[in-house]
Amino acid sequence: MCHMGQWSVLLLLSLTSIVHSQSCKWLHPQQEYLNSQILKAFNQTIPIRETEKVCEEQPSHLPNTESIYNVSQSFCVCLEEVEAAALAVREVLNETIRFYRKHHESMGCKQQAWERFQQLLYYQIHQLEGCIPETAENHLIKESVSEHLNLLEKIVLEKDNSACVWDFIRSEIRRNLQLVLQLSSRLRRQHLLQRTQ
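Residues numbered from 1 in each chain as written. Predicted model: local features only at pLDDT ≥ 70, side-chain atom pairs only at ≥ 80, totals over all residues. Heavy atoms only, no water.

S.K.: Pulling in residues and values, what's your account of the confidence of the model for the protein chain?
M.R.: For the protein chain, per-residue confidence averages 77 on the pLDDT scale, and residues scoring 70 or more make up 72% of the total. The weakest mean pLDDT in the protein chain belongs to helix α1 (residues 2-23) at 42; the strongest belongs to helix α4 (residues 111-128) at 94. Segment residues 1-21: pLDDT under 50, and 11 contacts once partners within four positions in sequence are set aside and those in other chains are kept. Overall, residues 71-76 carries pLDDT values under 50, and its contacts beyond four positions in sequence, including any with other chains, amount to 19 contacts. (pLDDT = per-residue confidence, 0-100. Helix = DSSP H or I, 4+ residues; strand = E, 2+ residues; numbered from the N terminus. Contact = heavy atoms within 4.5 Å.)

Right, dumping it as structure tokens:
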């Protein structure tokens, strides 16, 4: 009798996971194309410089945010892992939009390129909606991402608006975007493998 109860709980959890993954558009393999479009749009926001000045001085003391993207290293894509990963992706995309909204003109972004980049980020956030319950929050992820972007903000305020500072900031933002897009790809692959087993 006890075993019957455990099996019904497992069945319910697996059905919940299946329903959840179907409403989670972010996990669909077709979303991989969006990853490449986001990076392409990001690259188009970078202005072309007249001189190739080599930047020697790099601001330091940035926290290592890679640990927040190390969600779901196992082979099983569980409901909690999808939710945690989706929260990390959403937070990075939201903070990126916030930062660019404030600084895209100072960074020399072309208006059309910035608008396209912003649209793609909002679209990705929209795709995450079915993956995260409305009340879901992860303060550790939120604080880590906010702290990172706040430090970039501080660098902007402390340094002059030099091309080197903006190059450094763009490379940090690119790194964060690449990490969340890699996390997205990894979860999609694992989800696809589970469905084909």
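Read on, since the account is not over.
S.K.: Let's hear about the packing of helix α5 (residues 139-158) against helix α6 (residues 163-196): which residues, and what values?
M.R.: Where α5 contacts α6, the two axes come as close as 10 Å, and the packing angle between them is 170°. Relative to α6, α5 is oriented roughly antiparallel. Only Val165, Trp166, Phe168, Ile169, Glu172, Ile173, Arg175 and Asn176 of α6 make contact with α5, whose side of the interface consists of His148, Leu149, Leu152, Ile155 and Val156. Here the contact of α5 with α6 is built from residues that sort into 9 nonpolar, 2 polar and 2 charged. (Axes fitted to C-alpha atoms, helices over the stretch in contact; angles between N-to-C directions. Parallel < 35°, antiparallel > 145°, perpendicular 65-115°, else oblique. Nonpolar A, V, L, I, M, F, W, Y, C, P; charged D, E, K, R; others polar.)

S.K.: Give me the packing of aromatic side chains: which residues, what numbers.
M.R.: Overall, the coordinates contain 5 aromatic pairs when judged by the stated rule. Through a chain of ring-to-ring contacts, the aromatic side chains of Phe42, Phe99, Tyr100, Trp114 and Phe117 assemble into a single cluster. (Phe/Tyr/Trp six-rings, centres within 6.5 Å; stacked < 30°, edge-to-face > 60°.)

S.K.: Let's hear about the packing of helix α2 (residues 32-45) against α4: which residues, and what values?
M.R.: Two elements in contact, α2 and α4, have axes whose closest approach is 8 Å; the angle formed by their N-to-C orientations is 155°. Relative to α4, the element α2 is oriented roughly antiparallel. Pair α2 / α4 crosses with left-handed handedness. For the pair α2 and α4, contact is made by Leu34, Asn35, Gln37, Ile38, Ala41, Phe42, Gln44 and Thr45 and by Ala113, Trp114, Arg116, Phe117, Leu120, Leu121, Tyr123 and Gln124, respectively. The class makeup of the residues in the contact of α2 with α4 is 10 nonpolar, 5 polar and 1 charged. (Left-handed = near helix turned anticlockwise from the far one by under 90°.)

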